[in-house]
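Architecture at a glance
Now for the letters of each chain:
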Amino acid sequence: DPSPVKRWGDYGDEGYWINEARTNVLFDNYNIDDLNMSTFASPFFYLLTNFSFKLFGVSFFSARLIPIFSLWIILVMMYSTLKQYIGENKSLFSIFIFGSLHELIMYCKWATPIITESAFLFGILFFYSKRKLGNISKLFSGLSFSLAVLTKITSFLFIPSLIIFFLIELQLGKMKIKDMI
């Protein structure tokens, strides 16, 4: 087992992130690994992987479906957001270029929670951009951050950048303090 004092963000081995879900499906007991570190560091990713394994069986394919599906969600949200600012054709071209980045494809190839975390972090801005919908967009924006933290615990490190973003929005007059509550 890895050291309990090691940082969560250092793990790039997909076996580390899917171990408890695999043992839960194969042996009906996720607690074989005494430390349960990946379950603690990414409980929502564990649940998604566990669901994928129960639905499609234990394989690399079923483990990697979650990051691939998360990438598609990112691309749809990005298209929807960009379309209102730069038009349909430029949005399609932009998501094509973004979706074909080597690093992004490599992260989708591994069964790690990084792309899923990124989908929820992008969801914060996506739902914020839909604030014309009222309180429901605020609810989904907050829910996205909660799911990002549950997907990978290091998401709380994005809090300072989110605070800076909302302070800039306040300064520009695009948001009021009552909107933040």
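Fair warning: this is a prediction, and the values are worked out from it, not measured in the lab.

Time to look at the overall build of the protein. Tallying secondary structure elements over the protein gives 10 helices and 0 strands in all. Sequence-ordered secondary structure for the protein, helices as α and strands as β, is α-α-α-α-α-α-α-α-α-α. The buried share of the protein, taken over its 181 residues, is 38%. Contacts spanning at least 24 positions in sequence make up 64% of the contacts within the protein whose residues lie at least 6 apart. By element, 69% of the accessible surface of the protein is carried by carbon and sulfur atoms, the whole surface being about 11,000 Å².

Note: α-helices contain 3.6 residues per turn, so residues at a spacing of three or four share the same orientation. If you check helix α1 (residues 14-27), its first and last C-alpha atoms are 19 Å apart, about what 14 residues at 1.5 Å a residue would give, namely 20 Å. Residue Glu 20 marks the point of greatest curvature in α1, where the axis turns by about 40°. Those residues of α1 lying buried are Glu 14, Tyr 16, Trp 17, Ile 18, Asn 19, Glu 20, Ala 21, Thr 23 and Asn 24. Once α1 finishes, Asp 28 follows within two positions and takes phi at roughly 55°, a positive value.

Quick look at the packing of aromatic side chains now. Applying the stated criterion to the full structure yields 7 aromatic pairs. Look at Tyr 107 and Trp 110: their rings are 5.4 Å apart centre to centre, the planes differ by 90°, and that puts the pair in the edge-to-face class. Judged by relative accessible area, Tyr 107 falls into the partly exposed class, the value being 32%. Trp 110 gets classed as partly exposed once you look at its relative accessible area, which sits at 31%. With 5.1 Å between their ring centres and 70° between their planes, Phe 126 and Phe 127 make a pair best called edge-to-face. For Phe 126, a relative accessible area of 13% puts it in the buried group. On the basis of relative accessible area, Phe 127 is assigned to the partly exposed category, the value being 22%. These aromatic residues form a ring-pair network of at least three members: Phe 126, Phe 127 and Phe 140.

Taken together, the side chains of Leu 133, Ile 136, Leu 139, Phe 140 and Leu 143 define a hydrophobic patch exposed on the protein surface, amounting to about 470 Å² of accessible area. With respect to the helices, strands and loops of the structure, Leu 133 is situated in the loop between α7 (114-129) and α8 (135-151). Judged by relative accessible area, Leu 133 falls into the exposed class, the value being 59%.

Looking now at the environment of Ser 118. Locating Ser 118 in the fold gives a position in helix α7. Given the relative accessible area of 29%, Ser 118 is considered partly exposed. Sequence spacing of Ser 118 and Thr 151 is 33 residues, and the spatial spacing of their C-alpha atoms is 9.4 Å.

Taking 1.5 Å per residue as the helical rise, helix α9 (residues 159-172) with its 14 residues ought to reach 20 Å, and the 20 Å between its terminal C-alpha atoms agrees with that figure. Among the residues of α9, Leu 162, Phe 166 and Glu 169 are the ones counted as buried. Along the long axis of α9, the arc covered by the buried residues comes to 55°, so they all point the same way. In α9, the exposed positions that point more than 90 degrees away from the buried face belong to Ile 164, Gln 171 and Leu 172.

Reading the values: the criteria
- Residues numbered from 1 in each chain as written.
- Predicted model: local features only at pLDDT ≥ 70, side-chain atom pairs only at ≥ 80, totals over all residues.
- Heavy atoms only, no water.
- Helix = DSSP H or I, 4+ residues; strand = E, 2+ residues; numbered from the N terminus.
- Buried < 20%, exposed > 50% of the residue type's maximum accessible area, 1.4 Å probe, protein only.
- Contact = heavy atoms within 4.5 Å.
- Areas by Shrake-Rupley, 256 points an atom, 1.4 Å probe, with all protein chains shown as cover.
- Expected span 1.5 Å × (residues − 1).
- Bend = angle between axes of the 7 residues up to and from the residue.
- Phe/Tyr/Trp six-rings, centres within 6.5 Å; stacked < 30°, edge-to-face > 60°.
- Patch = residues over 30% accessible without salt bridge, like charges linked within 9 Å, V, L, I, M, F, W, Y side chains within 5 Å.
- Salt bridge = Lys/Arg side-chain N within 4 Å of Asp/Glu carboxyl O.
- Arc of directions from axis to C-beta.

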